[in-house]
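# Observations on chain architecture
Residue strings, one per chain:
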Amino acid sequence: MTGAFRQRWDRWLARRIPAAASVQLNQRRIFILPSRVGVAFLFALLVMLLAAINYQNSLAYGLTFLLGSVFVVTILHTYRNLAGLVLHAGGAGAVFAGEAARLRVRLESRGRAHEAIALGWPPAELQQQDVPAQGSVECELSLQTQRRGWLQPGRLRVESRFPLGLLVAWSHVDLDQAVLVYPRPLEGELPLAPVGSEGDEQAGLVSQGQGSDDFQGLRTYQPGDSRRRMHWKAYSRGQGLLVKDFAAQTGRDLLLDFDVLSGDLESRLSLLCHWVLVLSERQQPFALQLPNESLPVAIGERHREQCLRALALHGARA
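Residues numbered from 1 in each chain as written. Predicted model: local features only at pLDDT ≥ 70, side-chain atom pairs only at ≥ 80, totals over all residues. Heavy atoms only, no water.

### What about the overall build of the protein?
The following threshold applies: Secondary structure counts use DSSP, requiring at least four H or I residues in a row for a helix and at least two E residues in a row for a strand, with both numbered from the N terminus. Burial here depends on accessible area, computed with a 1.4 Å probe over protein chains only, as a share of the maximum for the residue type. Under 20% is buried, over 50% is exposed, and the range in between is partly exposed. Note on definitions: a residue-residue contact is assigned when non-hydrogen atoms from the two residues lie within 4.5 Å. Areas reported here follow the Shrake-Rupley algorithm with a probe of radius 1.4 Å; residue values treat only the protein chains shown as occluding.
Per the secondary structure count, the protein includes six helices and 19 strands. Among the 318 residues that make up the protein, the fraction classed as buried is 39%. Sequence separation of 24 or more characterises 65% of the internal contacts of the protein that already satisfy a separation of 6 or more. Total accessible area on the protein is roughly 18000 Å²; 53% of this is exposed by carbon and sulfur atoms.

Here it is in structure tokens:
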């Protein structure tokens, strides 16, 4: 589709099938066309009809009209397999950029069974589901993420080629779903500006991540740990991946400050995202400072989610 035609098509769809968390497919919302197999079938019928006319063969006429009537009846059955189906939007958990978002959609039948219903976002492969009569089924659809922020997948394609595959009945529905995408974590050494009582916030006073005051021992490697701290001798002795653990500066909470970092916007946010995850995993209190937004020193799952959300939506339009 050209850009102008695509825009007109989207506006027309928005009027005909408005966005809603629950949509029931009916005559206004279902479109039907011959599939590639159906086009080949019609072409074969045309050749058979021309041959019947040329040879005036009654058997050829009979076979052509019989197959033509099958095609006409298939139109009704293909449409009926999709008509009446109800789609409900499900929840979707937040993911990191580059991961596949998982969006749940519940298919409900309020009458007959619906066979081989395919749904998804092209050009990705559609997922097929059978919906029992007077029943429902929940499916989880995958959508690859590219950048942070709110991901709105757009209109979901729902189609049926049942029973013979000669026609495809389809619809494009907008279930008004959205997924929050956090920045992609980027490992790196990050200077942390200490936050504490008066006199602690001194220019140039920084702490490197875990701190380097006291060696506490070895612990099991966790994703996000710096490879510089890995204990390779223990690994060579078959003791698994271990990391040297150092105590952070005692009595000081840490500040993740956007302005302390160098680099472009996305790399800074990715570094901050990495250290939010690391410090949260270590149960170490910290604060987050972004341009025009700051989160106070805290700890716990809620603080972690607030920080990740702030990083994901930083610079987004209200």
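Let us keep going from here.
### Section: helix α5 (residues 265-281)
Put simply, the rule is: In this scheme, a helix's expected span is set at 1.5 Å multiplied by one less than its residue total. Two N or O atoms count as a polar contact when they lie within 3.5 Å, although within protein this holds only if one can serve as hydrogen donor and the other as acceptor, and sequence-adjacent residues are included solely when both atoms are side-chain atoms.
Between its first and last C-alpha atoms α5 spans 25 Å; for 17 residues at 1.5 Å apiece the expected length is 24 Å, and the two agree. Burial runs high along α5: twelve of the 17 residues are buried. Taken residue by residue, α5 has Arg 268, Leu 269, Ser 270, Leu 271, Leu 272, Cys 273, His 274, Trp 275, Val 276, Val 278, Leu 279 and Ser 280 as its buried positions. Its side-chain oxygen at 3.3 Å from the backbone nitrogen of Glu 266, Asp 264 defines the N-terminal cap of α5. Positive backbone phi, at 60°, marks Gln 283, one or two positions downstream of α5.

### What to know about the nonpolar core
To be explicit about the condition: As used here, the term nonpolar core means buried Ala, Val, Leu, Ile, Met, Phe, Trp, Tyr and Cys residues forming a set that is joined through side-chain atoms within 4.5 Å.
Formed by 34 residues in total, the largest nonpolar core has its most connected members in Leu 87, Leu 156 and Val 158. Non-local contacts of Leu 87, meaning those with residues more than four positions away in its chain, are made with Ala 21, Ser 22, Val 23, Leu 25, Val 105, Arg 106, Leu 107, Leu 156, Val 158, Val 173 and Leu 175. Ranked by size, the runner-up nonpolar core spans 24 residues in total, among them Val 278, Phe 286, Cys 307 and Leu 311.

### Here we look at the packing of aromatic side chains
Selection rule: Working definition: a ring pair exists when centres of Phe, Tyr or Trp rings (six-membered ring for Trp) sit within 6.5 Å. Plane angles under 30 degrees give stacked, over 60 give edge-to-face, the rest tilted.
Scanning the entire structure with this criterion turns up eight aromatic pairs. Their ring planes at 10° and their centres at 6.1 Å tell us that Phe 41 and Phe 71 sit as a pair that is stacked. Taken as a pair, Phe 41 in helix α2 (residues 36-55) and Phe 71 in helix α3 (residues 58-82) lie far apart in primary sequence, 30 residues in all. Note on Phe 71: relative accessible area 9%, which makes it buried. A network of ring pairs unites the aromatic residues Trp 9, Trp 12, Phe 31 and Trp 170 as a single cluster.

### What to know about the sheet that holds strand β4 (residues 95-96)
Definition in use: Should DSSP find at least two bridges between two strands, the strands are taken to pair. Helix axes are fitted only over the stretch in contact, all axes being lines through C-alpha atoms; the angle between N-to-C directions runs from 0 to 180 degrees.
Spatial ordering of the open sheet is given by β4-β12-β9, a layout of three strands whose pairing is mixed. In the strand order of this sheet, the two ends are held by β4 and β9 (149-151), each with one partner. Two elements, β9 and strand β12 (residues 179-182), share three bridges in a ladder whose sense is antiparallel. Across the sheet, the residue bridging to Leu 151 is Val 179, located in β12. In the packing of helix α6 (residues 301-313) onto the sheet, the strands contacted are β4, β9 and β12, and the crossing angle to β12 comes to about 90°.

### Overview of the pattern of salt bridges
In plain terms, the rule: A side-chain nitrogen of Lys or Arg and a carboxyl oxygen of Asp or Glu constitute a salt bridge if their distance falls within 4 Å.
Counted under the stated rule, the structure contains nine salt bridges. Between Glu 266 and Arg 148 there is a salt bridge whose closest N-O contact spans 2.9 Å. Highlighted residues: Glu 266 in helix α5 and Arg 148 in the loop between β8 (136-144) and β9, separated in sequence by 118 residues. The partner of Arg 304 in a salt bridge is Glu 305, with the nearest N and O atoms 2.5 Å apart. Through salt bridges with shared partners, a single ionic network connects Arg 106, Glu 108 and Arg 110.

### What about the packing of α2 against α3?
Using the following cut-off: Roughly parallel means an angle under 35 degrees; roughly antiparallel means over 145; roughly perpendicular covers 65 to 115; every other angle is labelled oblique. Take the far helix as your reference; a near helix turned counterclockwise from it by less than a right angle gives a left-handed crossing, and one turned clockwise gives a right-handed crossing. Here the term charged refers only to Asp, Glu, Lys and Arg, the term nonpolar to Ala, Val, Leu, Ile, Met, Phe, Trp, Tyr, Cys and Pro, and the term polar to all other amino acids, Gly among them.
Packing of α2 against α3 leaves a shortest axis separation of 9 Å and a crossing angle of 155°. On the basis of the axis angle, α2 is roughly antiparallel to α3. Judged by the twist between their axes, the crossing of α2 over α3 is left-handed. Touching Gly 38, Phe 41, Leu 42, Leu 45, Met 48, Leu 49, Ala 52 and Ile 53 of α2 are Ala 60, Tyr 61, Leu 63, Thr 64, Phe 65, Leu 67, Gly 68 and Phe 71, all from α3. Of the residues assigned to the contact of α2 with α3, the class counts are 13 nonpolar, three polar and no charged.

### Details of the confidence of the model for the protein
To be explicit about the condition: Confidence per residue, as judged by the predictor, is encoded in pLDDT with a range of 0 to 100.
Across the protein, pLDDT averages 84, with 83% of residues at or above 70. pLDDT under 50 marks residues 195-214. Its contacts with residues more than four places away, or in other chains, come to 52 contacts. pLDDT under 50 marks residues 247-251. Its contacts with residues more than four places away, or in other chains, come to 15 contacts.

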